[in-house]
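# Structure assessment
Read off the chains here:
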Amino acid sequence: MTIEQTDPFVKRAATYAALGDPSRLRIVDLLTLGDLSPTEIGTTLALPSNLIAHHLNVLEAAGVITRGQSEADGRRSYVRLAEGALRDLIPGRVARASRVVFVCTANSARSQLAAALWATHSSIPAVSGGTHPAEHIDPGALAAARRHDLALPPGAPRSLSAVISDTDFVVTVCDRAHEELRSRDEREAGSRLHWSIPDPVRVGSEDAFDSAYAELERRIAHLASALSPR
């Protein structure tokens, strides 16, 4: 019996072929919950840059990953899993946490929205902080929260140093904060993640804030199902 080679079957076959290498499977596992730069992937897997480039090219050609330029350092890129690329093939990565801390630079938009969204998906406590906190929450974030019936935590943006502890599960939602923290945060890789989400404040439009909101909600729903209370 011959099965017609429709696009979905071709896409599935390409995905299986791209994943048919132990190193590429390990890369996908690493990217299940967060984004990484090619250098970070190479360091974690102890592979040379030419092999990492080859594996990423294969995964990208199969539609498994996408890449985006860092907003902090234009020479750096971040790799992420393409939405829906693995469907039922997504590898599991389960972690434990007593509290989640969402981090961005100003603690005025993305991390505030993330902490509020987290409370709608998980019973694990969450707070947010900024590496260089602003004086107030950005009006665009407040407006986005109202549009989506989301209650933001009360109060002004807070400094990360005032809220973080050694046992927290840290999620950076800002390239600049991630690149600043990675050089001095020595917590284990299993207790931190990075989500490379464009800064809506820099654009300032409703669409930019709604896009950031949608991306945060998608990732938080996924993380909440994989993160257990400690």
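Predicted, not measured: the structure shown is a model, and the values here were computed from it.

## A look at the overall build of the chain
What the chain contains, in helices and strands, is 10 helices and eight strands. At 18 Å, the chain has a C-alpha radius of gyration in line with the 17 Å of a compact globule built from 230 residues. With the principal axes as the frame, the chain shows a C-alpha extent of 65 × 35 × 35 Å. Of all 230 residues assigned to the chain, the portion counted as buried reaches 45%. As displayed, the chain has an accessible area near 11800 Å², and 52% of this comes from carbon and sulfur atoms. Computed over 25 positive and 28 negative side-chain charges, the separation of the two mean positions in the chain equals 4 Å.

## Things to note about the nonpolar core
Membership of the largest hydrophobic core comes to 44 residues, with the highest contact counts inside it found for Phe-102 and Trp-195. Only strand S3 (95-97), strand S4 (100-104), helix H5 (110-119), helix H6 (139-147), helix H7 (160-163), strand S6 (169-172), helix H8 (175-181) and helix H10 (206-226) provide two or more residues apiece to this core. Look past the residues within four positions of Trp-195 in its chain and what remains in contact with it is Leu-33, Gly-34, Asp-35, Phe-102, Val-171, Thr-172, Val-173, Cys-174, Leu-216, Arg-219, Ile-220 and Leu-223. Of all hydrophobic cores here, the second largest spans 17 residues; its members include Ile-27, Val-64, Ile-65 and Leu-81.

## With respect to the packing of aromatic side chains
Going through the model one piece at a time under the given rule, you end up with two aromatic pairs. Ring centres of Phe-102 and Trp-195 lie 6.1 Å apart, and the angle between their planes is 45°; this geometry places the pair in the tilted category. You can see Phe-102 sitting in strand S4 and its partner Trp-195 sitting in the loop between strand S7 (192-194) and helix H9 (200-203), a full 93 residues away along the chain. Of the residues examined, Phe-102 reaches a relative accessible area of 0% and is grouped as buried. Each member of the aromatic cluster is reached from another via a ring pair, and the members are Phe-102, Trp-118 and Trp-195.

## Structural notes on the sheet that holds S7
Read from one edge of the open sheet, four strands run S5-S4-S6-S7, paired in parallel fashion. Only two strands of the sheet have a single partner each, and these edge strands are strand S5 (126-130) and S7. Geometrically, the sheet is characterised by an average inter-axis angle of 20° between neighbouring strands, direction not taken into account. Relative to S5, S4 is paired through five bridges, and the arrangement is parallel.

## Considerations on H10
Here H10 spans 30 Å end to end across 21 residues, near enough to the 30 Å set by a 1.5 Å rise per residue. For H10, the complete set of buried residues consists of Ala-208, Phe-209, Ala-212, Tyr-213, Glu-215, Leu-216, Arg-219, Ile-220, Leu-223, Ala-224 and Ala-226.

## Here's the deal with the pattern of salt bridges
Applying the stated rule across the entire model yields 14 salt bridges. With a shortest N-O distance of 3.9 Å, Asp-35 and Arg-80 are connected by a salt bridge. One end of the pair, Asp-35, is in the loop between helix H2 (22-30) and helix H3 (38-45); the other, Arg-80, is in strand S2 (residues 77-81), with 45 residues separating them in the sequence. According to the relative accessible area criterion, Asp-35 is buried, its value standing at 3%. Here Arg-110 makes a salt bridge to Asp-199, at a shortest N to O gap of 3.7 Å. Note that Arg-110 is positioned in helix H5 and Asp-199 in the loop between S7 and H9, a separation of 89 residues in sequence. What emerges from the salt-bridge pattern is a single network uniting Asp-35, Arg-80, Glu-215, Arg-218 and Arg-219.

## Regarding the confidence of the model for the chain
Reading predicted coordinates in detail is not appropriate for stretches of low pLDDT. On average, residues of the chain carry a pLDDT of 90, and 91% of them reach 70 or more. When mean pLDDT is taken per element in the chain, H5 scores highest with 98 and helix H1 (residues 7-18) scores lowest with 81.

Rules used throughout
Residues numbered from 1 in each chain as written. Predicted model: local features only at pLDDT ≥ 70, side-chain atom pairs only at ≥ 80, totals over all residues. Heavy atoms only, no water. Helix = DSSP H or I, 4+ residues; strand = E, 2+ residues; numbered from the N terminus. Rg over C-alpha atoms; globule rule 2.2 N^0.38 Å. Buried < 20%, exposed > 50% of the residue type's maximum accessible area, 1.4 Å probe, protein only. Areas by Shrake-Rupley, 256 points an atom, 1.4 Å probe, with all protein chains shown as cover. Lys, Arg positive; Asp, Glu negative; His and termini not counted. Charge placed at Lys NZ, Arg CZ, Asp CG, Glu CD. Core = buried A, V, L, I, M, F, W, Y, C linked by side-chain atoms within 4.5 Å. Contact = heavy atoms within 4.5 Å. Phe/Tyr/Trp six-rings, centres within 6.5 Å; stacked < 30°, edge-to-face > 60°. Pairing = 2+ DSSP bridges. Axes fitted to C-alpha atoms, helices over the stretch in contact; angles between N-to-C directions. Expected span 1.5 Å × (residues − 1). Salt bridge = Lys/Arg side-chain N within 4 Å of Asp/Glu carboxyl O. pLDDT = per-residue confidence, 0-100.

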